Amino acid sequence: LFAILFSTNAYPQEQKEAVIKLKSGIEVRGEVIDKVSGESLTIKTTDGDLFVYNMDEILRIEDPNAAAAKQKAKEEQHQAKITAKNAAKQKREESALNNYKGKGYRGIFELSYGYDALNYDLNSENHHALITFINGYNCGPKFFIGIGFGCKYSYLEYYKRYSWDNRGHTTGSHNEVSIPLFLHLRTAFTKNTRVTPYFAINAGYNFGVTKTIDYKQSCDEMNRKANGSGIYAEPSLGVEFRCKQKTAVFFAITAPMIMRTKFESNSRNKYLISFGGKFGFSF
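Values in this document were obtained by computation on a predicted structure and should not be read as measured data.

Caption draft 1: Looking closely at the overall build of the protein. Looking only at helices and strands, the protein has 2 helices and 16 strands in total. Burial status across the protein gives 37% buried among its 283 residues. In the protein, of all internal contacts separated by at least 6 residues, the share reaching a separation of at least 24 is 59%. Per element, the accessible surface of the protein, about 16,500 Å² overall, is 60% carbon and sulfur.

Caption draft 2: The arrangement of the pattern of salt bridges in detail. Counted according to the given criterion, the structure contains 7 salt bridges. R186 is paired through a salt bridge with E110; the nearest N and O atoms lie 3.5 Å apart. Within this pair, whereas R186 is found in strand β9 (residues 170–188), its partner E110 is found in strand β6 (residues 103–116), the two being separated by 76 residues in sequence. For the pair R186 and E110, a shared accessibility class is recorded, and that class is buried. The residue R186 makes a salt bridge to E240 at a minimum N-O spacing of 2.7 Å. Linking R186 in strand β9 with E240 in strand β12 (residues 222–242), this pair joins segments that are 54 residues apart in sequence. Side by side, R186 and E240 carry an identical accessibility label, which is buried.

So, how was this worked out
Residues numbered from 1 in each chain as written. Predicted model: local features only at pLDDT ≥ 70, side-chain atom pairs only at ≥ 80, totals over all residues. Heavy atoms only, no water. Helix = DSSP H or I, 4+ residues; strand = E, 2+ residues; numbered from the N terminus. Buried < 20%, exposed > 50% of the residue type's maximum accessible area, 1.4 Å probe, protein only. Contact = heavy atoms within 4.5 Å. Areas by Shrake-Rupley, 256 points an atom, 1.4 Å probe, with all protein chains shown as cover. Salt bridge = Lys/Arg side-chain N within 4 Å of Asp/Glu carboxyl O.

Next comes the structure, spelled out in structure tokens:
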């Protein structure tokens, strides 16, 4: 009677579920319903089977909840270390960004696309893609000046008009390749912030690589030629997303303008205005 009364207190009451690992390598999981200190242990499995083991057969008794809690605590500790490390890194980057004097070399790479449907004098539609690379110097956290060059590909579809208000049928198309060389000026609207709106302008000359094209304008039936060369300007308004001091990704809307040279009896120049967008990054 004494042994029965004290056998229930020999095993902690809160540890009902247990994993019994025997010296033979067998593992039994279930609920401990009786334990005689130093002698035997009775366990009921989830299937309802009862097993009685002598204490000298048992290698160790584990609490499954304790193992899960230990693993959870380990994962939480690991996550806390990662969080602290990221917070320290972000703090260092924010401090470096806030204290950035904004002086030094900066490179910019841009990809842009534009569409021109305002070329009434040349009777054409113009789609163009442009790749540019800019080398320059940050004069401060808000101002940048550089020199850029690129490669521009244009596809022109020109047509004959029946009148000045109505488009006629397409008469042909032409591909053009040109190389713009320009001065790049950029100013940011905010200082040392992660998200920075800005205004920039490219101003220079567009050198046509392909030969001139011939076409006929319906209003006066004059044969004319147009060349891709001409004065080049491209204002843009965009937003930078800064990763570090000089490293940033940006998006912008643009309105490229080229004063294309035309060859005819009374030689004139014509500003062609396109509308488009660009994507790029700086380093």
